[in-house]
Amino acid sequence: MSVYPSAQFLFSAAAAAQFPADRGAEVAIAGRSNAGKSSAINAITARNALARTSKMPGRTRLLNFFQLADGKRLVDLPGYGFAEGPPPERDSWARLIEALAQRACLKGLLLVVDARRGLLPADLQLLDWAEGMTRPVHVLLSKADQLKRNEARVLLAQSQATLAARASVQLFSARAGVGLDEARGTIDAWLKSA
Ligand SMILES: Nc1nc2c(ncn2[C@@H]2O[C@H](COP(=O)(O)OP(=O)(O)O)[C@@H](O)[C@H]2O)c(=O)[nH]1
Ligand SMILES: [Mg+2]
C-alpha cells in the first residue's frame, strides 16, 4: 500500500490536444456527477484538498490530471454527460474520453458509484464502453458510511453479481476511511504495470 505524499494537481484539459505526453501510466476515475470522485481522490492520496469537492453536481467539463509520482497520473473525468447533458456537451465528453482511451499509458478505470443509488444504467453504459477499450475496471461503491452494515453487504453482493467478470468491486467511504487500502492496492498494481 502506498500513499503518494508528493501528489500534485497538474492541470485541467478541455481538449485532447492539452493532454500530457502519452508516457508513463495513468488511471482514470469516472462516475456520475456527485458520485464522490473528487472525495475519493483526496482520500486515496491522503490529501484533503487535492481535488476540489463540491456540493454542486455537474459543474466541470474538464479532465483534471494529477501526478501521483513521476510518470504516474490519475485523471479525474467529468461526471457523465452522455446520458444527461445536451447533445453538444455529450459529444465533447465522448470525444475527450475516446481520446483518453487511445492512450497507451491508460492502465485502468476506477468507476465511482454512489452506494445509496447502486449501479445505474449510465454506469453500465460506461462499463460497456470500457470493455471496448480492454482496460480493467474497478468499482468503488462510495459513501458506504451512509448504509447500514447489512445494506452494504447486500449491495456489494448484488453489485458483484451484476458485474460478474466485467469489473471488480468494493465498498468505499472517503468520509469514514473505508476501503482505502483496497483501492490503493488496485491503483498501485495498475500503475506498476507500466
Ligand atoms: N457521506 C459521505 N458523503 C460523501 C463521501 N464522499 C463524498 N461525499 C459527498 O458527496 C458530494 C459529492 O462529492 P464529490 O467528491 O464532489 O463528487 P464528484 O462530483 O464525483 O467529484 C459532496 O457533498 C461530498 O461531501 C463519503 O464517503 N461519505
Ligand atoms: Mg469532482
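Residues numbered from 1 in each chain as written. Chains lettered and ligands numbered in written order. Predicted model: local features only at pLDDT ≥ 70, side-chain atom pairs only at ≥ 80, totals over all residues. Heavy atoms only, no water.

## Quick notes on the pattern of salt bridges
Phase 1: Counting across every chain of the model gives 6 salt bridges.
Phase 2: A salt bridge links E26 to R103; the nearest nitrogen and oxygen atoms lie 2.6 Å apart. Taken as a pair, E26 in strand β2 (residues 25–31) and R103 in the loop between α2 (87–101) and β5 (106–114) lie far apart in primary sequence, 77 residues in all.
Phase 3: The partner of D114 in a salt bridge is K143, with the nearest N and O atoms 3.4 Å apart. Highlighted residues: D114 in strand β5 and K143 in the loop between β6 (137–142) and α4 (149–163), separated in sequence by 29 residues.
Phase 4: When its relative accessible area of 7% is taken as the criterion, D114 is described as buried. (Salt bridge = Lys/Arg side-chain N within 4 Å of Asp/Glu carboxyl O. Helix = DSSP H or I, 4+ residues; strand = E, 2+ residues; numbered from the N terminus. Buried < 20%, exposed > 50% of the residue type's maximum accessible area, 1.4 Å probe, protein only.)

## Remarks on the nonpolar core
Phase 1: Ranked by size, the top nonpolar core spans 36 residues in total, and within it L77, L100, L109 and V139 carry the most contacts.
Phase 2: Elements represented by at least two residues in this core include exactly β2, β3 (63–69), α2, β5, α3 (121–132), β6, α4 and β7 (168–171).
Phase 3: The biggest single contributor to this core is α2, with 5 residues.
Phase 4: Once you skip the residues sitting within four places of it in the chain, V139 turns out to touch L111, V113, L163, A167, S168, V169 and Q170. (Core = buried A, V, L, I, M, F, W, Y, C linked by side-chain atoms within 4.5 Å. Contact = heavy atoms within 4.5 Å.)

## A short note on the site of ligand 1
Phase 1: Neighbouring ligand 1 are 16 residues, the closest being N34, G36, K37, S39 and D145.
Phase 2: S39 places a polar side-chain atom, nitrogen or oxygen, 2.7 Å from an oxygen atom of ligand 1.
Phase 3: In the model, an oxygen atom of ligand 1 is placed 3.3 Å from a nitrogen or oxygen of the S173 side chain.
Phase 4: For the shell around ligand 1, the per-class residue count stands at 2 nonpolar, 8 polar and 6 charged. (Near = heavy atom within 4 Å. Polar contact = N/O pair within 3.5 Å; in protein donor to acceptor, adjacent residues only side chain to side chain. Nonpolar A, V, L, I, M, F, W, Y, C, P; charged D, E, K, R; others polar.)

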